[in-house]
Amino acid sequence: MSFDLKQGETIGIVGESGSGKSVTSTAILGLIPSPPGKIERGSILFEGKDLTKLSQAQMRKIRGNEISMIFQDPMTSLNPVFTVGNQIIEVIRLHQQLDKKAARQRAIEMLKLVGIPEPEKRLEQYPHEFSGGMRQRVMIAIALACNPKLLIADEPTTALDVTVQAQILDLMKKLQDDLQTSIIMITHDLGVVWESCQKVLVMYAGNTVEYATVEELYEKPLHPYTWGLLDSQIKSDTTGKLPSIPGNPPDLREDIAGCYFAPRCPYAKDKCFSEKPPLVEVAPNHLVACHFQTSDHRLERKGGSQA
Amino acid sequence: MSNHAQPLSPAPATLAPNAPKKKSKENSVWSRLLKNKLAMVGMVIIAIMVIFALFAPLIATHGPNDMDLANSLSEPGIDGHLLGTDNYGRDLFSRIVYGTRISLIVGIFAIGLGGMIGTLLGLLAGYYGGKWDAIIMRLMDGLFAFPFILLSISLMTVLGAGLFNVILAIGIANIPGFARIVRGQVLAVKEEEYIEVTRSLGANDSRIIFHHILPNCMAPIIVYATMHVAGAIISEAALSFLGLGVQPPTASWGSILKDGKDFLVLSPHMATFSGLAILLSVLGFNLFGDGLRDALDPKMKV
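Here the structure is a predicted model, which is why all the values come from computation and not from measurement.

Let's shift gears to the overall build of chain B. Of regular secondary structure, chain B possesses 11 helices and 0 strands. Along its sequence from the N terminus, chain B presents helices and strands in the succession α-α-α-α-α-α-α-α-α-α-α. For chain B, buried positions account for 46% of its 302 residues. Considering only intrachain contacts with a sequence separation of at least 6, the fraction spanning at least 24 residues in chain B is 70%.

If you want it as C-alpha cells, here you go:
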C-alpha cells in the first residue's frame with residue numbers, strides 16, 4: 001500500500017477488523033513487535049527521512065514529539081497509578097527541555113485546549129476519576145503536548161458513545177486547524193471519514209483496494225468492497241436486516257493467487273481467482289484495484305442505494 | 001486480571017464539577033485497611049515490636065547480658081524479673097526486648113535485599129522475555145528447588161555465622177519468590193495499552209520498566225514482602241536455634257529458645273516466652289499482610 005499526506009491534511013484509512021489498519025500505524029511508529037514482526041521492504045518517508053532506517057534511539061526522539069498516536073480505548077490507555085498531570089508532564093519533559101514548573105504550566109494549557117474544565121484541579125486526579133470522553137481528551141492532550149507534525153488516530157472514537165464521538169471529532173478538527181497537524185484517521189466508520197478527512201484509503205487484507213479523495217469516494221465509490229462497507233452502514237432509510245459482507249478476511253499465511261476479496265465478492269469472475277488486480281488510476285485522484293473497474297469498463301452496482 | 005490497586009468503593013466514573021470531593025486512592029486503601037480488625041491487630045503487634053526495638057534500653061528492666069548466677073532460672077515475677085531469668089540469671093524480658101531488634105533487622109533487611117534483587121530480576125525476565133527470561137527463571141527454579149531452610153543453612157555454613165551473613169543468607173533465599181511474582185506481574189502489565197502508549201510517546205526501555213511497569217507491580221510486591229518478613233523472622237530464629245545465626249551472648253529469640261530447650265522440664269518459661277515472641281511477631285506480620293492484600297485488591301492471590 002502507498003499513500004502520502006501533506007501538512008494539515010487528514011487521510012482516512014478504513015477497512016473491517018483485521019484488514020491491517022492498525023498494523024500500518026504501528027509500522028509508521030516503528031512499534032511492530034519484533035520478533036516476530038518485521039518490515040520486509042518499503043519505506044516510510046517523514047520530512048525526507050526514511051523512518052524504517054532510523055535507529056531505535058532516533059525513533060524514540062520522533063515518537064511523541066513529531067509523530068504522536070491516539071489509541072482506541074481511552075479506558076485502558078492511561079496508566080492507572082499516576083495522576084493525569086504526571087502523564088502529560090512526563091511526555092513534555094521527555095522531549096522538551098522544560099523544568100517541572102514550566103511543564104506543569106504547559107500541561108494545564110493542554111488540558112484547557114482540549115476542553116477540560118478546572119485544569120489545575122483535574123491535573124491532580126487519577127485516570128479512574130475521569131469519564132471515557134474526558135480520558136480521550138486527556139489522550140489527545142498528551143499526544144499533542146509536543147506539537148507533533150503528524151497525529152495517528154487509531155479508531156479514536158470507537159469506544160465512545162455517539163454524542164461524545166462528535167465532540168471528540170470536532171475537537172480534533174479544531175485543534176488540527178490551530179496547530180496545522182496532519183492526521184491519519186484510522187477507522188471503520190465511514191461517517192467519521194466523510195466528516196473529517198480529505199483523502200480516504202480503503203484497506204482490505206493488508207492491501208489498498210481503493211484510494212481517492214473523499215468527494216470522489218463519496219460520489220462514486222468503485223471497489224465492490226467499498227460498496228459492501230457502504231451498504232453495511234446504518235442509514236436513515238435502513239429497514240429490516242442490515243446488509244453485511246458475507247465471510248471473513250482471508251488468512252494471509254496462505255498464498256492467494258487472485259484478488260484477496262474475490263471469495264466474498266458478488267461480482268467475482270474466474271479471472272479474479274487467478275490474477276491479482278493492480279491498483280490503477282481510473283479517474284483523476286481515484287485509484288482502485290479491481291479487474292472490472294477500469295477507466296473504460298465499469299461494474300453495475302447491485303442493490304444498495306448510491307451512498 | 002488487573003492487579004493494580006483499583007478502588008472498589010462505588011466510585012462514579014464521571015465526576016460532576018460540584019459533586020462531593022471523592023477520597024483519593026490512598027485514602028480508600030487506608031480506610032479499608034482500618035476497617036479490617038485482624039489487620040489492625042497485626043499492625044498493633046508490629047507497632048509494639050518497632051517500639052521495643054527502637055527503645056529497647058528504656059523498656060528493658062535489666063541489661064540483656066547482665067548475669068546474676070545466684071538467681072538463675074528463677075520463675076517469672078520474682079525479684080523484678082518480669083518473665084524470670086535464664087540459666088545464667090539474665091533477665092528474660094530484657095533479652096526478649098533486645099531480641100526484637102535482631103528479629104526486625106533481619107526480617108526487614110533480608111526481605112529488602114531479596115526483594116530488591118528478586119524484583120530487578122523479575123522485571124528483566126518479564127520485560128525482555130526470551131533468552132533473558134529463560135536464563136533468569138531457570139536460575140530461580142534452581143534456587144527454589146532447595147528447601148528454604150536447607151538453602152539458608154548451607155549458605156550460613158559457607159558464609160559463617162554473624163548478623164550480616166544471616167541477612168545475606170535469608171535474603172538470597174528470598175530472591176526467587178520475588179522474581180517469580182514480579183515476572184508474572186510484568187507479563188500482565190507490559191501488555192496493557194498504556195505501556196504501548198508510553199512507548200508511542202518515545203519513552204525508552206528503562207523508563208518504561210522502572211517508571212511505568214514497576215509502580216503497577218507494587219501492590220503484590222508490598223503484600224508479598226510483608227508476609228515474608230514473618231518468614232524471615234522464623235528463618236532467623238531457626239538459624240540461631242541451630243547455632244548458625246547471631247552468636248551469643250547477643251540476645252536473639254532463636255538462641256533463647258535453644259537455651260530454653262535444655263531446661264524445658266525444670267523451667268519451661270524460657271522456651272515458652274521466646275517461642276511466644278516468635279509466634280506473635282509472625283502472627284502480626286501475617287495478619288497485617290493479609291489485611292493489606294484485601295485492602296489493595298481482594299482478587300489478588302499471593
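For the rest of this paragraph, the subject is the sheet that holds strand β9 (residues 280-283) of chain A. Residues and elements named next belong to chain A. Strand order in the open sheet formed by 8 strands is β4-β5-β6-β1-β7-β8-β10-β9, and the pairing between neighbours is mixed. The open sheet has two edge strands, β4 (67-70) and β9, and neither has a second partner. Sheet twist, expressed as the average angle between the axes of neighbouring strands with direction ignored, equals 20 degrees. Note: β9 against strand β10 (residues 286-288), 3 bridges, orientation antiparallel. In the sheet register, E281 faces β10, and the bridge partner there is L287.

A separate point is the UniProt feature "domain: ABC transmembrane type-1" (unreviewed entry) in chain B. Within the UniProt annotation, "domain: ABC transmembrane type-1" (unreviewed entry) is assigned to residues 100-289 of chain B. Annotated as 84% helix and 0% strand, the span residues 100-289 of chain B places its first and last C-alpha atoms 19 Å apart.

Here we take up helix α8 (residues 193-200) of chain B. Of all 8 residues making up α8(B), 7 are buried, and the element is well covered by its neighbours. For α8(B), the set of buried residues is Y194(B), I195(B), E196(B), V197(B), T198(B), R199(B) and S200(B). Contacts made by the buried residues of α8(B) are with β4 of chain A together with α7 (163-189) and α9 (205-241) of chain B. Of the residues flanking the end of α8(B), it is G202(B), one or two places downstream, whose phi is positive at about 95 degrees.

Geometrically, a packed helix pair is captured by the angle between its two axes and the distance between the axes. All names here are of chain B. Contact pair α9 / helix α10 (residues 253-261): the axes reach a minimum separation of 7 Å and the direction vectors enclose 45 degrees. When the interaxial angle is binned, α9 and α10 end up oblique. Note on packing geometry: the crossing formed by α9 with α10 is right-handed. Where α9 approaches α10, its residues E236, A237, A238, L239, S240 and F241 are matched on the opposing element by W253, G254, S255, L257 and K258. When its residues are assigned to classes, the contact of α9 with α10 shows 6 nonpolar, 3 polar and 2 charged.

The next subject is the domain arrangement of chain A. Residues and elements named next belong to chain A. Domains assigned within chain A are domain 1 (10-197) and domain 2 (202-288). Computed from C-alpha coordinates alone, the two centres of domain 1 and domain 2 are separated by 29 Å. If you look at the interface, domain 1 gives 12 residues, while domain 2 gives 11 residues. Those elements that provide at least two residues to the side of domain 1 that touches domain 2 are β1 (10-14) and α8 (190-196). Per-element tally for the side of domain 1 that touches domain 2: the top contributor is α8, with 3 residues. Tallied by class, the residues present in the side of domain 1 that touches domain 2 amount to 6 nonpolar, 4 polar and 2 charged.

This part covers the environment of I167(B). All names here are of chain B. Mapped onto the fold, I167 is located in helix α7. A tally of 22 C-beta atoms within 10 Å means that I167 is categorised as buried. When the C-alpha positions of I167 and I96 are compared, they lie 20 Å apart, and in sequence the two are 71 residues distant. Setting aside residues up to four positions removed in sequence, I167 forms contacts with V106, F109, A110 and L113.

Residues and elements named next belong to chain B. Per the UniProt record, "transmembrane region" (unreviewed entry) is found at residues 38-60, 102-128, 148-173, 221-246 and 266-289. In this annotation, residues 102-128 is assigned 100% helix and 0% strand; the end-to-end C-alpha distance for the span is 38 Å. Its end C-alpha atoms 28 Å apart, residues 221-246 is made of 81% helix and 0% strand.

All right, on to helix α6 (residues 132-144) of chain A then. Residue and element names in this part refer to chain A. Taking 1.5 Å of rise per residue, the 13 residues of α6 would be expected to cover 18 Å, and the 18 Å separating its terminal C-alpha atoms lies within 8% of that figure. For α6, the tally of buried residues reaches 12 of 13 residues, placing the bulk of the element in the interior. For α6, the set of buried residues is G133, M134, R135, Q136, R137, V138, M139, I140, A141, I142, A143 and L144. Check the buried side of α6 and you find it contacts β4, α3 (84-95), α4 (100-113), β5 (150-154) and α7 (162-179).

A separate point is the nonpolar core. All names here are of chain A. Ranked by size, the top nonpolar core spans 145 residues in total, and within it I88 and A141 carry the most contacts. Two domains each donate at least three residues to this core, and these are domain 1 (10-197) and domain 2 (202-288). Residues within four places of A141 in sequence aside, it is in contact with I88, M110, L111, L113 and V114.

Let us now look at the packing of α6(A) against α7(A). All names here are of chain A. Orientation of α6 relative to α7, taken along the N-to-C sense of each, is 20 degrees, at an axis distance of 10 Å. Classified by the angle between their axes, α6 and α7 sit roughly parallel to one another. Classified by chirality, the crossing of α7 by α6 is right-handed. For the pair formed by α6 and α7, the contact residues are G132, G133, Q136, R137, I140 and L144 on the first element and V164, Q167, I168, L171, M172, L175 and L179 on the second. Class assignment for the residues of the contact of α6 with α7 results in 8 nonpolar, 4 polar and 1 charged.

The rules behind these values
Residues numbered from 1 in each chain as written. Chains lettered and ligands numbered in written order. Predicted model: local features only at pLDDT ≥ 70, side-chain atom pairs only at ≥ 80, totals over all residues. Helix = DSSP H or I, 4+ residues; strand = E, 2+ residues; numbered from the N terminus. Buried ≥ 20, exposed ≤ 12 C-beta atoms within 10 Å, placed from the backbone. Contact = placed C-beta atoms within 7 Å. Pairing = 2+ DSSP bridges. Axes fitted to C-alpha atoms, helices over the stretch in contact; angles between N-to-C directions. UniProt positions renumbered as here; feature names shortened; annotations may be inferred. Parallel < 35°, antiparallel > 145°, perpendicular 65-115°, else oblique. Left-handed = near helix turned anticlockwise from the far one by under 90°. Nonpolar A, V, L, I, M, F, W, Y, C, P; charged D, E, K, R; others polar. Domains from an automatic or database assignment. Expected span 1.5 Å × (residues − 1). Core = buried A, V, L, I, M, F, W, Y, C linked by C-beta atoms within 7 Å.

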